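Architecture at a glance
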Amino acid sequence: MRAVNRNFILMAVPAALVLAAGAALLTGGDALLGAAGEMTSDLPSGELGDAEGYGVLIQLLGAGLTGFAGIAVAIVALIVAFYGGVLLLLSAAARLAYGDAPWRLLLYRVLTAVHMALLALPIPELWRTLSAPLPQLCALVLLLPAIPVAITTYSQRIRG
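Read on for an overview of the structure.

1. Quick look at the overall build of the chain
Helix and strand content of the chain: six helices and zero strands. Ordering the α and β elements of the chain from the N terminus gives α-α-α-α-α-α. Taken over the C-alpha trace, the chain has a radius of gyration of 23 Å; the compact-globule value for 160 residues is 15 Å, which it surpasses by more than 25%. On the principal axes, the C-alpha backbone points of the chain span a range of 80 × 30 × 20 Å. Looking at the chain residue by residue over its 160 residues, the buried ones come to 29%. A separation of at least 24 residues holds for 71% of the contacts in the chain among residues at least 6 apart in sequence.

Spelled out as structure tokens, the structure:
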């Protein structure tokens, strides 16, 4: 396998995983919005007593907070999916830019550097959450493939 193809796979897989995580989060946000809608569908009608009225208010408060959480999760999901899509496009653009001409190799190296810089962007925030192992695992999944890609891209191995 050529080094440039290996680099493409090593950079596209984490990008696709980020895109898939964004899509999964988006379905979670949609589920929260659906749950908020269901909370308001069975509200009692007619004359209500004090206890029932307070119960309805608490139910509406819960539905509103659930809807707010659903919107927040959907916004985060869109940001994550956009980030994964940009990373995927950059890896594809770098692969397409590679060629025999010296300027194409330079363009490939620049696009790969931009891709790795964007890939490393969320790592300090993910690593700062020391109590949770899942964000640190995500940071490692993003960071580890970039090491062999950087070694290959900025050495003479990329020509072979």
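2. Some thoughts on the nonpolar core
Formed by Met-11, Ala-15, Val-18, Tyr-83, Leu-87, Met-116, Leu-119, Ile-123, Ala-139, Leu-142, Ala-146 and Val-149, the largest nonpolar core amounts to 12 residues. With three residues, the single largest contributor to this core is helix H1 (residues 3-41). Each residue touching Val-149, except ones within four places of it in the same chain, is listed here: Asn-7, Leu-10, Met-11, Thr-112 and Met-116. Residues Ala-3, Val-4, Ala-97 and Leu-111 belong to the second largest nonpolar core, which totals 10 residues.

3. What about the packing of H1 against helix H2 (residues 50-97)?
Orientation of H1 relative to H2, taken along the N-to-C sense of each, is 165°, at an axis distance of 7 Å. What the angle tells us is that H1 and H2 run roughly antiparallel. Seen from above, H1 lies across H2 with left-handed handedness. Among the residues making up the contact of H1 with H2, the classes are represented as 31 nonpolar, 13 polar and one charged.

4. Some remarks on the packing of aromatic side chains
When we look at a pair of aromatic rings, we describe it by the centre distance and by the angle of the planes. A full pass over the atoms with the stated rule returns one aromatic pair. A ring pair is formed by Tyr-98 and Tyr-108, whose centres lie 5.5 Å apart and whose planes are at 75°; its orientation type is edge-to-face. Here Tyr-98 is found in the loop between H2 and helix H3 (102-120), whereas its partner Tyr-108 is found in helix H3, with 10 residues between them in sequence. Considered together, Tyr-98 and Tyr-108 belong to a single accessibility category, that of buried residues.

5. Considerations on helix H6 (residues 146-153)
Looking only at H6, the buried set comprises Ala-146, Val-149, Thr-152 and Thr-153. For H6, the buried positions fall inside an angular range of 130° around the axis, keeping them on one side. Summarising the contacts, the buried residues of H6 are in contact with H1, H3 and helix H5 (133-143).

Conventions and cut-offs
Residues numbered from 1 in each chain as written. Predicted model: local features only at pLDDT ≥ 70, side-chain atom pairs only at ≥ 80, totals over all residues. Heavy atoms only, no water. Helix = DSSP H or I, 4+ residues; strand = E, 2+ residues; numbered from the N terminus. Rg over C-alpha atoms; globule rule 2.2 N^0.38 Å. Buried < 20%, exposed > 50% of the residue type's maximum accessible area, 1.4 Å probe, protein only. Contact = heavy atoms within 4.5 Å. Core = buried A, V, L, I, M, F, W, Y, C linked by side-chain atoms within 4.5 Å. Axes fitted to C-alpha atoms, helices over the stretch in contact; angles between N-to-C directions. Parallel < 35°, antiparallel > 145°, perpendicular 65-115°, else oblique. Left-handed = near helix turned anticlockwise from the far one by under 90°. Nonpolar A, V, L, I, M, F, W, Y, C, P; charged D, E, K, R; others polar. Phe/Tyr/Trp six-rings, centres within 6.5 Å; stacked < 30°, edge-to-face > 60°. Arc of directions from axis to C-beta.

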